[in-house]
Amino acid sequence: MSGLQQDSSKATALLHCQLLYVRETQQPQIDRLQALIEKHQCPIVLNPTLFTDKLNQKRRQQLSDISTQPILVLDDKDKLSWLSNGLSIAPEWDKLQRRVVSAGRKSELLLQATKITSDSQVVDATAGFGHDSLILASTGAQVMMLEQQPLMALLLLAEQQRMSLQPNWQKLMSRLHIINTDALSYFAELKAESVTANNKMIDVVYLDPMFPEDSYQDSKTGKGAKVGKLMQALHQLACPPTMNEEQQLLQSAQTIVSRNDDRQGRVIVKRPQLAPSLANLQPNESWHNEAVRFDGYFV
């Protein structure tokens, strides 16, 4: 997500969500979701409803069309998803297992750009569905995942809880730290903290801010990558940042990594290959393939 500071009135407003569950025996899972919301102070109110109809595509679309609240679904495998325009949207971290296991600098441009190691401290300031956070944490690094949208934060927390039940995922899950907050507020808190021996410095801030859907296409030819269903869903929750907001985000991130005297700090920004640089500020170095580009700003 964009990671920009929320309006104070919106930040405290409660988000009422309808939670559809498919079995009466899922009350313990519902209780765990409620506990996650309370523990992480997500401003969400769940309205659980037992739903025994078959959730085919037609029924999902009907529910999306008539509901006045966001709809969450707890399926028969206890996986939480968000019903967005008839589609079930979820992080689905288990589908990235092969990529996470084989992740390395040869295969992942993100790791080439960040150059992190097992003792690195990383902030993914715009976590979204958390896929890039998994790749970052696969190195052994500790990754702070910031997600300003309460709905997305709950999906991440539920997915982390679900995957932590699988023994081969537990170590990776322990390196992910999810916070429902916006990046600018979090950076401001870090800057306000006194620098002590107990405060670990941030080595890398990773930014993947929302950008206009047409950023994937060449402005002249119209050719380029198509926007996937996950990105389409995110566009329902957040708007692309303005130029001023981009400048704030990049400058704040650079300030945070500049506090590390022991090593060079990096801000890495993910962009569509054809998109302009964040805040129109030229990076020190870039890594790219046919679809995406990682711009590096070194401090």
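Reading the values: the criteria
Residues numbered from 1 in each chain as written. Predicted model: local features only at pLDDT ≥ 70, side-chain atom pairs only at ≥ 80, totals over all residues. Heavy atoms only, no water. Helix = DSSP H or I, 4+ residues; strand = E, 2+ residues; numbered from the N terminus. Buried < 20%, exposed > 50% of the residue type's maximum accessible area, 1.4 Å probe, protein only. Contact = heavy atoms within 4.5 Å. Areas by Shrake-Rupley, 256 points an atom, 1.4 Å probe, with all protein chains shown as cover. Arc of directions from axis to C-beta. Core = buried A, V, L, I, M, F, W, Y, C linked by side-chain atoms within 4.5 Å. Pairing = 2+ DSSP bridges. Axes fitted to C-alpha atoms, helices over the stretch in contact; angles between N-to-C directions. Polar contact = N/O pair within 3.5 Å; in protein donor to acceptor, adjacent residues only side chain to side chain. Expected span 1.5 Å × (residues − 1). Phe/Tyr/Trp six-rings, centres within 6.5 Å; stacked < 30°, edge-to-face > 60°. Salt bridge = Lys/Arg side-chain N within 4 Å of Asp/Glu carboxyl O.

Student: Would you take a moment to explain the overall build of the protein chain for this structure?
Tutor: Helix and strand content of the protein chain: 11 helices and 12 strands. For the protein chain, the residues scored as buried account for 50% of the 299 residues in total. Counting only contacts in the protein chain whose residues sit at least 6 apart along the sequence, the fraction spanning at least 24 positions is 71%. In the structure as shown, the protein chain presents an accessible area of about 14900 Å², 48% of it carried by carbon and sulfur atoms.

Student: Help me out: how do you make sense of helix α3 (residues 57-66) in this one?
Tutor: Quick reminder: α-helices carry 3.6 residues per turn. Residues three or four places apart thus point the same way. Within the span of α3, buried status applies to Arg60, Leu63 and Ser64. Viewed along the axis of α3, the buried residues span an arc of 100°, placing them on a single side of the element. Facing away from the buried side of α3 by more than 90 degrees, the exposed set consists of Lys58, Asp65 and Ile66.

Student: Looking at this structure, I do not really get the nonpolar core. What am I missing?
Tutor: Soluble globular proteins tend to bury their nonpolar side chains together. Counting residues in hydrophobic clusters, the biggest one holds 51 residues, and the most contacted among them are Leu46, Leu72, Leu80, Trp93 and Leu134. No other element matches the 8 residues that helix α7 (residues 150-163) contributes to this core. For Trp93, the contacting residues outside a window of four places in its chain are Phe129, Gly130, His131, Leu134, Met145, Leu156, Glu159, Gln160, Met163, Trp169, Met173 and Leu176. Within the second largest apolar cluster, 20 residues are counted, among which are Val123, Ile202, Val267 and Tyr297.

Student: Explain the sheet that holds strand β8 (residues 176-179) to me, please; I cannot follow it from the model alone.
Tutor: Whenever strands of a sheet pair, they do so through backbone hydrogen bonds, lying parallel or antiparallel. Strand order in the open sheet made by the 7 strands is β8-β7-β6-β9-β10-β12-β11, with mixed pairing throughout. Edge positions in the open sheet fall to β8 and β11 (285-288), since each of these has one partner strand only. Here the strands of the sheet are splayed against their neighbours by 20° on average, with no regard to which way each runs. Of the strands in this sheet, β6 (121-124), β7 (142-146), β8 and β9 (204-207) are in contact with helix α9 (residues 183-192), which crosses β7 at around 130°.

Student: How do you make sense of the environment of Thr126 when you look at a structure like this?
Tutor: Note on placement: Thr126 falls in the loop between β6 and α6 (131-137). Counting along the chain gives 20 residues from Thr126 to Leu146, while the straight-line C-alpha distance between them is 5.8 Å. Within polar-contact distance, the side chain of Thr126 engages the backbone nitrogen of Asp208 at 2.6 Å.

Student: Can you walk me through the sheet that holds strand β4 (residues 80-84) in this structure?
Tutor: The strand order β2-β1-β3-β4-β5 describes an open sheet built from 5 strands, whose pairing is mixed. Only two strands of the sheet have a single partner each, and these edge strands are β2 (44-50) and β5 (87-89). The mean angle between the axes of side-by-side strands here comes to 35°, regardless of whether they run parallel or antiparallel. Bridge count between strand β3 (residues 71-74) and β4: 4 bridges; the pairing is antiparallel. From the neighbouring strand, Leu72 faces β4, where its bridge partner is Trp82. In this fold α3 packs onto β1 (15-21), β3, β4 and β5, with an angle of close to 70° to the strand it touches most, β4. α7 contacts β1, β2, β3, β4 and β5 of the sheet and is inclined by roughly 150° relative to β4.

Student: I keep staring at α7 and nothing clicks. Help me out?
Tutor: Between its first and last C-alpha, α7 extends 20 Å over 14 residues, near the 20 Å set by a 1.5 Å rise per residue. Burial within α7 is extensive, with 13 of its 14 residues counted as buried.

Student: I would appreciate a short explanation of the side chain of Thr181 in the present structure.
Tutor: The residue Thr181 is located in the loop between β8 and α9 in this model. A residue is classified by how much of its surface remains accessible, and Thr181, at 15% relative accessible area, is buried. Not counting residues within four places of it along the chain, the set of residues in contact with Thr181 comprises Leu146, Glu147, Gln148 and Tyr186.

Student: I keep staring at the packing of aromatic side chains and nothing clicks. Help me out?
Tutor: We describe a pair of aromatic rings using the distance from one ring centre to the other and the angle between the two ring planes. For the structure shown, the criterion picks out 2 aromatic pairs. Ring plane angle 35° and centroid distance 6.4 Å describe the contact between Tyr206 and Phe294, whose orientation is recorded as tilted. Here Phe294 lies in strand β12 (residues 292-298) and Tyr206 lies in strand β9, a separation of 88 residues in the sequence.

Student: What exactly am I supposed to notice about the pattern of salt bridges here?
Tutor: A pair can form between side chains of opposite charge whenever their charged atoms are brought close. Per the stated rule, a full pass over the model turns up 9 salt bridges. For Asp78, the salt bridge identified is with Arg23, shortest N-O distance 3.6 Å. With Asp78 in the loop between β3 and β4 and Arg23 in the loop between β1 and α2 (27-39), the pair connects residues that are 55 residues apart, well separated along the chain. The exposure class assigned to Asp78 is partly exposed, which follows from its relative accessible area of 26%. Exposure remark for Arg23: the relative accessible area of 29% places this residue in the partly exposed category. One salt bridge connects Asp295 with Arg293, and the closest N-O pair in it is separated by 2.8 Å. One connected set of salt bridges, linked through shared partners, spans Lys79, Glu92 and Lys95.

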